[in-house]
There are 4 protein chains.
Amino acid sequence: MNPPPHSAPHHEHDEKETGRVEAFSDGVLAIAITLLALELKVPPPSGDPGFSLARELLDQWPTYFAFLVSFFFILVIWINHHRLFTVIRRIDNNLLIFNGLLLMSITLIPFVTDLVATYLQRPEQNIAAMVYAGLFLVNSFCFNLLWRYASYKNRLFDHRTDLKLVAFISRQYAFGPLIYLVILILAAFSAITSLVVSFAAAVFFALPNRSVQQLKDESADTL
Amino acid sequence: MNPPPHSAPHHEHDEKETGRVEAFSDGVLAIAITLLALELKVPPPSGDPGFSLARELLDQWPTYFAFLVSFFFILVIWINHHRLFTVIRRIDNNLLIFNGLLLMSITLIPFVTDLVATYLQRPEQNIAAMVYAGLFLVNSFCFNLLWRYASYKNRLFDHRTDLKLVAFISRQYAFGPLIYLVILILAAFSAITSLVVSFAAAVFFALPNRSVQQLKDESADTL
Amino acid sequence: MNPPPHSAPHHEHDEKETGRVEAFSDGVLAIAITLLALELKVPPPSGDPGFSLARELLDQWPTYFAFLVSFFFILVIWINHHRLFTVIRRIDNNLLIFNGLLLMSITLIPFVTDLVATYLQRPEQNIAAMVYAGLFLVNSFCFNLLWRYASYKNRLFDHRTDLKLVAFISRQYAFGPLIYLVILILAAFSAITSLVVSFAAAVFFALPNRSVQQLKDESADTL
Amino acid sequence: MNPPPHSAPHHEHDEKETGRVEAFSDGVLAIAITLLALELKVPPPSGDPGFSLARELLDQWPTYFAFLVSFFFILVIWINHHRLFTVIRRIDNNLLIFNGLLLMSITLIPFVTDLVATYLQRPEQNIAAMVYAGLFLVNSFCFNLLWRYASYKNRLFDHRTDLKLVAFISRQYAFGPLIYLVILILAAFSAITSLVVSFAAAVFFALPNRSVQQLKDESADTL
């Protein structure tokens, strides 16, 4: 195990260092995930005797489905961001920029969710689904950028960083862009299939990860 | 008192572990509770000499009432979430997912509040009130899921967890889904009654809880 | 100096206790103050050759003025809330409810700001200004409720609480409701005057408070 | 090195002191940066056979461009605010007001972004761009006010404050208003050029700052 090149002498200070980046990122993630629900619109009341609120609500299923996929996607982003900052212990200016790019891709999620909800089941649905999958692809690139930068020569780690978990994250992240590239190509052929696969991918990434749990238990044992 | 199965050796670290889940949840709750007020709309000005701003504002009472019920509901959710995380001291991947499902049901509250405010006093009010009560029911299920998971074999507790408070919460939570199921059935018959009962339930849950206070005082005495 | 009735044995734990109430309140305050600016609307473009964007923007001055008054009002609320929680060191269920009522009055500020901005310079401006001042009055009542509850027999203080600052806050808070009652009566006669006085009151409360600063310096000296 | 005039005896307490100002500011910054994306509007579906979603989306480029410039601007503000509060260790009432003025200029960014996005490529684009640049100028003045106040006779620093970093920030901040004044004048002649230069300025300020990094490394070496 190589020591990080700039070993930090004051751990309390380090804790503080990443604290505010995490708080700011949590803020952006919490707002983006809550704003998703603003796209759910109440059907306007109608005096028409044939008007059925239940049917009007059910007819909005593409909106609910897009909401569901995006909610899980942002939740998985949060879990990943949280996991990254259990190993990243120091910050520098570059990290703040890369984290900012990641946050930019997150703030755009409500917009593309609205886009796909509006155009699903319409002739333009493939373009909408490709923009949607394209943002997920950009997002996974941003995560990789942030991670490769932080993990290069253990730049932003310290002696408390679990290097097995680092290796695990590196392996896992290599797949992200590939998966979303496949989903993007899929979207050109079938919008609804690309959404279902996106949802499955988010649920898959969100599921309890046996390997991570094992790594944690092992590191707890050795302490 | 059984020890938690995975006893945590580092308490400072544990504090940090739940800290970010609480911060993210606080963010979502704070945004959802503040967005509720966005549904209050300013009546558009009118050149009509018979126009009365006071009457226009008073005519919006269903909106204020729905706002009030939902505000107290989210406030009670926050108080409960806060109380849970005084006993839950550790996190794992499953907890993050269950907490995410709970947050999803919270982000939907402004939408169903708008729905019930729009349709109260209209022919479709029962369906709107049933959707509203239905979300509360889902919310209480999510709370139970989170709690049962965390408390099963003291999974996510540690030696500082007050086990009397744990038993109290377990008893209290068993009633939540039942109460909201009754409110849901009530909504099919009378929308306004179901809202009044929902409000009463929220105020009741929000009231100073003698038992919890006693438990706290007792545990303070023994320290 | 009377000791607080329930002296808290664990200070680290107390810190944590108020921490999450402060974080949740900060969230609501931060969102409410940021949402104020959403009421500033971009004038829609017009092909009319006589259209002047500068004049259109200047014509919106009631909106800017209402924004300014409300922004300073929320800022002063934040400063006060922050000051309260430098002396309040413990929480209980009642405090969470009283704080919740205070937060409810805060989330309504963007709505009444929009109301007053829409109706200023219109025949209904006095009713709008009275609703606006009425909410400020309710807000100052909520602050008093929270404070009287916390300070009664030093209920939620501990040995670190500066009792001189407590006496100062108690004296200052007795005036709040009176000032906003006067502004409310004023609003019935002149909407614009009541807004100017509200703004002056907020700036006055926001100004560096000589007495508080002195108290702080004294308590620093004695340490 | 002169000692700060009011040296603080309790460092833990100081940490807490700036903590809540940072949290509140983070909240406002996180909300403002996330609300930017609300201005991106989904093109309404059209039954017209000549309707192209891709072209409709591409035609919105001024909105994306304004979003991009403002996003980087707020990100740079956050990085600067974060850097300031690594040296500012104490707060007083004046600082809360100056920070509040800075936050006010930040909450207005989504509004002026919407303004410039709406009027770019229209006859009124120069006025819109001047309002936009004007807000950036006001923002850089607020930053200077906050900084000059905090750094005057080391008022709000303590013994841990890195005085080399202080000198560096003072030099850097003297340029901010000048740069934005030039951009404001430029906006009167070419709206698009002023935006490009604003973007370049934000990217420039966001770039890893060699001097700051060096200062940090040096101070780490001497510890």
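Q: I'm lost on the overall build of chain A in this one. Help?
A: In terms of regular secondary structure, chain A is built from nine helices and zero strands. In chain A, the succession of α and β elements from N to C terminus is α-α-α-α-α-α-α-α-α. Within the span of chain A, comprising 223 residues, buried residues form 43% of the whole. Considering only contacts in chain A between residues 6 or more positions apart, those separated by 24 or more positions represent 86%.

Q: Looking at this model, I keep getting lost on the nonpolar core. Mind explaining?
A: A general feature of soluble globular proteins is that nonpolar side chains tend to end up buried together. Of all hydrophobic cores here, the largest spans 280 residues; its most connected members are Ile74 of chain A, Ile74 of chain B, Ile74 of chain C together with Ile74 of chain D. What Ile74 of chain B contacts, discounting residues up to four positions off in sequence, is Leu29, Ala32, Ile33, Ile106 and Ile109 of chain B.

Q: What am I meant to see in the relation of the copies chain D and chain A here?
A: What connects the two chain copies is a rotation about an axis and a shift along it. At an RMSD of 0.0 Å, chain D and chain A line up after a rotation of 90 degrees and a shift of 0.0 Å along the axis. The symmetry that links the two subunits is that of a four-fold axis. Closest to the rotation axis within chain D is the C-alpha of Gly27 of chain D, separated from it by 4.4 Å. Interface overlap between copies: only 11% of the residues of chain D at the interface are likewise at the interface in chain A, consistent with a contact formed by different surfaces.

Q: Sorry, what's going on with the interface of chain C and chain D here?
A: When the parts of a complex come together, some accessible area is lost, and that lost area is often used as the size of the interface. On the chain D side, the residues contacting the 28 residues of chain C number 28 residues. Elements represented by at least two residues in the side of chain C that touches chain D include exactly helix H1 (11-35), helix H2 (53-58), helix H3 (61-87) and helix H9 (210-222) of chain C. With nine residues, H1 of chain C is the largest single contributor of residues to the side of chain C that touches chain D.

Q: Can you walk me through the environment of Ile74 of chain C in this structure?
A: All names here are of chain C. With respect to the element layout, Ile74 can be found in helix H3. Accessibility expressed as a C-beta count within 10 Å gives 23 for Ile74, which makes it buried. On a C-alpha basis, the gap between Ile74 and Ile33 in space is 6.4 Å, while along the polypeptide they are 41 residues apart.

Q: Even after reading the chapter, I still don't get the interface of chain D and chain A, so can you show me in this structure?
A: Contact residues are listed per partner, giving 28 residues for chain D and 28 residues for chain A. Breaking the side of chain D that touches chain A down by element, the ones donating at least two residues are helix H1 (11-35), helix H2 (53-59), helix H3 (61-87) and helix H9 (210-222) of chain D. At nine residues, H1 of chain D tops the list of elements feeding residues into the side of chain D that touches chain A.

Q: Sorry, what's going on with the relation of the copies chain C and chain D here?
A: With an RMSD of 0.0 Å, the fit of chain C onto chain D corresponds to turning through 90 degrees and sliding 0.0 Å along the axis. An asymmetric contact is evident, with only 11% of the interface residues of chain C recurring at the interface of chain D.

Q: What is the right way to look at the environment of Leu38 of chain C in this model?
A: Position of Leu38 of chain C relative to the elements: it lies in the loop between H1 and H2. Looking at Leu38 of chain C, the number of C-beta atoms within 10 Å reads 16, which means it is partly exposed.

Q: Just checking my understanding: could you explain the packing of helix H4 (residues 93-107) of chain A against helix H6 (residues 125-151) of chain A for this structure?
A: A pair of packed helices is captured by two measures, namely the crossing angle of their axes and the spacing between those axes. Residue and element names in this part refer to chain A. For the pair H4 and H6, interaxial distance at closest approach is 9 Å and the crossing angle is 165 degrees. Classed by the angle they form, the pair H4 and H6 counts as roughly antiparallel. Once H4 is placed against H6, the crossing between them reads as left-handed. Counted together, Asn94, Leu95, Phe98, Asn99, Leu101, Leu102 and Ser105 of H4 and Leu135, Val138, Asn139, Cys142, Phe143, Leu145, Leu146, Tyr149 and Ala150 of H6 form the full contact between these two elements. Within the contact of H4 with H6, the residues separate by chemical class into twelve nonpolar, four polar and no charged.

Q: I would appreciate a short explanation of the packing of helix H3 (residues 61-87) of chain B against helix H8 (residues 191-206) of chain B in the present structure.
A: Residue and element names in this part refer to chain B. Closest axis-to-axis distance for the H3/H8 pair is 9 Å, and the angle between their directions is 30 degrees. When the axis of H3 is compared with that of H8, the two are roughly parallel. Note that H3 runs across H8; the crossing there is left-handed. Residues Phe65, Leu68, Val69, Phe72, Phe73, Leu75, Val76 and Ile79 of H3 pack against Leu195, Ser198, Phe199, Ala202, Val203, Phe205 and Ala206 of H8. Here the residues of the contact of H3 with H8 are counted per class, giving 14 nonpolar, one polar and no charged.

Q: Just to check I follow, could you spell out helix H5 (residues 109-119) of chain C for this structure?
A: Residues and elements named next belong to chain C. Within H5, eleven of the eleven residues are buried, which leaves it mostly tucked inside the rest of the structure. Those residues of H5 not exposed but buried are Ile109, Pro110, Phe111, Val112, Thr113, Asp114, Leu115, Val116, Ala117, Thr118 and Tyr119. Phi for Gln121, located one or two positions after H5, is positive at around 75 degrees.

Q: When you look at helix H8 (residues 191-206) of chain D in this model, what are you seeing that I'm missing?
A: Helical geometry note: an α-helix holds 3.6 residues per turn, so side chains three or four residues apart project in the same direction. With 16 residues, H8 of chain D should cover 22 Å at 1.5 Å per step; its first-to-last C-alpha distance of 23 Å lies within 8% of that length. Looking at the buried residues of H8 of chain D, the elements they touch are H3, helix H6 (125-151) and helix H7 (163-189) of chain D.

Q: Can you walk me through the environment of Leu102 of chain B in this structure?
A: All names here are of chain B. Within the fold, Leu102 resides in helix H4 (residues 93-107). On the basis of neighbour counts, which here come to 24 C-beta atoms within 10 Å, the residue Leu102 falls in the buried class. Separated by 21 residues in sequence, Leu102 and His81 place their C-alpha atoms 10.0 Å apart. Every residue in contact with Leu102, bar those within four places of it in the chain, is listed here: Cys142, Phe143 and Leu146.

Q: Help me out: how do you make sense of the confidence of the model for chain A in this one?
A: In low-pLDDT regions, the fine details of the predicted coordinates are not to be read closely. All names here are of chain A. Summary statistics for chain A give a mean pLDDT of 83 and a share of 85% for residues scoring 70 or more. Per-element mean pLDDT across chain A ranges from 53 in helix H9 (residues 210-222) up to 95 in helix H5 (residues 109-119). Here the prediction assigns the complex a pTM of 0.87, and the interface score ipTM is 0.84.

The rules behind these values
- Residues numbered from 1 in each chain as written.
- Chains lettered and ligands numbered in written order.
- Predicted model: local features only at pLDDT ≥ 70, side-chain atom pairs only at ≥ 80, totals over all residues.
- Helix = DSSP H or I, 4+ residues; strand = E, 2+ residues; numbered from the N terminus.
- Buried ≥ 20, exposed ≤ 12 C-beta atoms within 10 Å, placed from the backbone.
- Contact = placed C-beta atoms within 7 Å.
- Core = buried A, V, L, I, M, F, W, Y, C linked by C-beta atoms within 7 Å.
- Least-squares fit on C-alpha atoms with pLDDT ≥ 70 in both.
- Axes fitted to C-alpha atoms, helices over the stretch in contact; angles between N-to-C directions.
- Parallel < 35°, antiparallel > 145°, perpendicular 65-115°, else oblique.
- Left-handed = near helix turned anticlockwise from the far one by under 90°.
- Nonpolar A, V, L, I, M, F, W, Y, C, P; charged D, E, K, R; others polar.
- Expected span 1.5 Å × (residues − 1).
- pLDDT = per-residue confidence, 0-100.

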